[in-house]
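Chain and residue survey
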Amino acid sequence: MQIRELAIPDAYEVTPKQFTDDRGLFLEWYRFDRLEEAVGHPLNLRQANISVSRRGSVRGIHFADIPPSQAKYVTAPRGAVLDFVVDIRVGSPTFGQWDSVLLDDRDRRAVYVAEGLGHCFVALTDDATVSYLVSDVYNPTREHGINPLDPDVALRFPAEAGDLLLSPKDTDAPGLAEAAASGLLPSWEQARALYASLDHGGE
């Protein structure tokens, strides 16, 4: 298993080693100890989700209030998605920037998205299945979004996604500048304080 930090601090790409034989293949797609070593604290799992999307579907940009927010460990066991991590932490050195990772059923990579970061993906195939391990249960009163088509963020959706399909919730979400001006976004200081508390077991 190889783990590398993305261009956005506190987000990581995880590439598993696959073992194949006449029966098929085997891999470890999640290892709590290896992830903790890279991130600096454990991912305390509270919920697991699955989404199935048709080609062109966009989900995000989503995030949750700090604290406790919601860290995510994301992979695509079927089909392919382009997964985006967006730095929405006000005051971060990479605020407003993003990085992306192809998640598919060939390389079987995963992405770790720390609390306070924005997350989004676009389905590149029909029946693209995405699995999420998350650090807290869903709380609709603390969940927010940023419009994934916001020109200030300027996500680049690949041509193979085709026509984009978005929910009204996502198209009605504010842009990055509006969300920042309204005080909706987490701050870099809030995020660092949360990560530090997790480093010490939440004390």
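Criteria and cut-off values
- Residues numbered from 1 in each chain as written.
- Predicted model: local features only at pLDDT ≥ 70, side-chain atom pairs only at ≥ 80, totals over all residues.
- Heavy atoms only, no water.
- Helix = DSSP H or I, 4+ residues; strand = E, 2+ residues; numbered from the N terminus.
- Buried < 20%, exposed > 50% of the residue type's maximum accessible area, 1.4 Å probe, protein only.
- Lys, Arg positive; Asp, Glu negative; His and termini not counted.
- Salt bridge = Lys/Arg side-chain N within 4 Å of Asp/Glu carboxyl O.
- Polar contact = N/O pair within 3.5 Å; in protein donor to acceptor, adjacent residues only side chain to side chain.
- Contact = heavy atoms within 4.5 Å.
- 1 Å grid on protein atoms, 1.4 Å probe; cavity = no way out; pocket = protein on both sides within 12 Å on 5 of 7 lines; lining within 4 Å.
- Points joined across faces, edges and corners; volume = space filled by probe spheres on them.
- Nonpolar A, V, L, I, M, F, W, Y, C, P; charged D, E, K, R; others polar.
- Core = buried A, V, L, I, M, F, W, Y, C linked by side-chain atoms within 4.5 Å.

Note on placement: Asp 83 falls in strand 8 (residues 80-86). Here Asp 83 sits buried without a salt bridge, and the closest side chain of opposite charge, Lys 72, lies 8.5 Å off (N-O distance). A distance of 2.6 Å separates a polar atom in the side chain of Asp 83 from a polar atom in the side chain of His 119. Apart from residues no more than four positions distant in its own chain, Asp 83 is found in contact with Val 74, Asp 99, Ser 100, Val 101, Leu 103, Val 111, His 119, Cys 120 and Phe 121.

In this section: empty space enclosed by the protein. Applying the stated criterion across every chain yields a total of one cavity of 30 Å³ or more. Volume-wise, the largest cavity comes out at about 30 Å³. In terms of lining, the largest cavity is formed by Phe 63, Ala 64, Ser 69, Gln 70, Lys 72, Val 113, Ala 114, Leu 117 and His 119. In terms of residue class, the lining of the largest cavity is made up of five nonpolar, three polar and one charged.

It is characteristic of soluble globular proteins that their nonpolar side chains tend to be buried jointly. Counting 34 residues, the largest nonpolar core has Tyr 73, Val 81, Val 85, Leu 103, Tyr 112 and Leu 117 as its most contacted members. Looking at this core, the element that brings in the most residues is strand 12 (residues 128-134), giving five residues. Once residues within four sequence positions are removed from consideration, Val 81 is found in contact with Ala 76, Val 101, Leu 102, Leu 103, Phe 121, Val 122, Ala 123, Leu 124, Ala 128 and Val 130.

What follows deals with the pattern of salt bridges. Enumeration over the complete set of coordinates arrives at 10 salt bridges. With a shortest N-O distance of 2.7 Å, Arg 89 and Asp 10 are connected by a salt bridge. Residue Arg 89 is located in the loop between strand 8 and strand 9 (98-104), and its partner Asp 10 is located in the loop between strand 1 (2-5) and strand 2 (11-15); the two are separated by 79 residues in the primary sequence. Across the pair, exposure class does not vary: Arg 89 and Asp 10 are buried alike. Two residues, Asp 33 and Arg 31, come together in a salt bridge whose shortest N-O distance is 2.7 Å. Bridged by salt links that share partners, the residues Arg 4, Glu 13, Asp 107 and Arg 109 form one connected network.

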